[in-house]
Amino acid sequence: MSLRNKVMLIGHTGKDVEVFNFENGNKKANVTLATNDFYTNSAGERVEETQWHNLVAFGKTVDILEKYVPKGKEIAIEGKLTYKSYDDKDGIKRFVTEIRIDELILLGSK
């Protein structure tokens, strides 16, 4: 695997996995992942910052996500950043950043 486009995250899923079935039998899964970071602000207070990430998976990873990953499940993923754009119903160009999962590890007890 190349180090040129590699992402590794540990967090909790923010919703149940959405699975899409294609006519050719392939599957795609979408889920969000929340990661938390902490820092101390200028007033000396500890602040928690949550970032949300859009994850997408294909192949056998979809089956694992569908079967074992409910909302709130802690997971570790390794993947790569992908970008796409589309025109919404008003003709405005929208951009989406996703992380395509290559490796998945189930963590926690939930």
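Here the structure is a predicted model, which means the values were calculated and not measured.

> Explanation requested: the overall build of the protein in the structure shown.
Scanning the protein from terminus to terminus reveals 1 helix and 6 strands. Start at the N end of the protein and walk to the C end: the helices and strands fall as β-β-β-β-α-β-β. Within the protein, the fraction of its 110 residues that count as buried is 31%. For the protein, contacts bridging at least 24 residues in sequence account for 53% of all contacts bridging at least 6. Carbon and sulfur atoms make up 48% of the accessible area of the protein, which amounts to about 7,800 Å² in all. Charged side chains of the protein number 17 positive and 17 negative; the gap between the two group centres comes to 4 Å.

> Looking at this model, I keep getting lost on the pairing of strand S6 (residues 93-106). Mind explaining?
Walk down a regular strand and you will see the side chains alternate between the two sheet faces. Sheet topology note: the strand S4 (residues 46-58)/S6 ladder contains 2 bridges and is parallel. Note that in S6 the partner of Val56 across the bridge is Arg100. In sequence, strand S5 (residues 74-87) turns back onto S6 through a hairpin of 5 residues, with Gly91 there showing a positive phi of about 80°.

The rules behind each value
- Residues numbered from 1 in each chain as written.
- Predicted model: local features only at pLDDT ≥ 70, side-chain atom pairs only at ≥ 80, totals over all residues.
- Heavy atoms only, no water.
- Helix = DSSP H or I, 4+ residues; strand = E, 2+ residues; numbered from the N terminus.
- Buried < 20%, exposed > 50% of the residue type's maximum accessible area, 1.4 Å probe, protein only.
- Contact = heavy atoms within 4.5 Å.
- Areas by Shrake-Rupley, 256 points an atom, 1.4 Å probe, with all protein chains shown as cover.
- Lys, Arg positive; Asp, Glu negative; His and termini not counted.
- Charge placed at Lys NZ, Arg CZ, Asp CG, Glu CD.
- Pairing = 2+ DSSP bridges.

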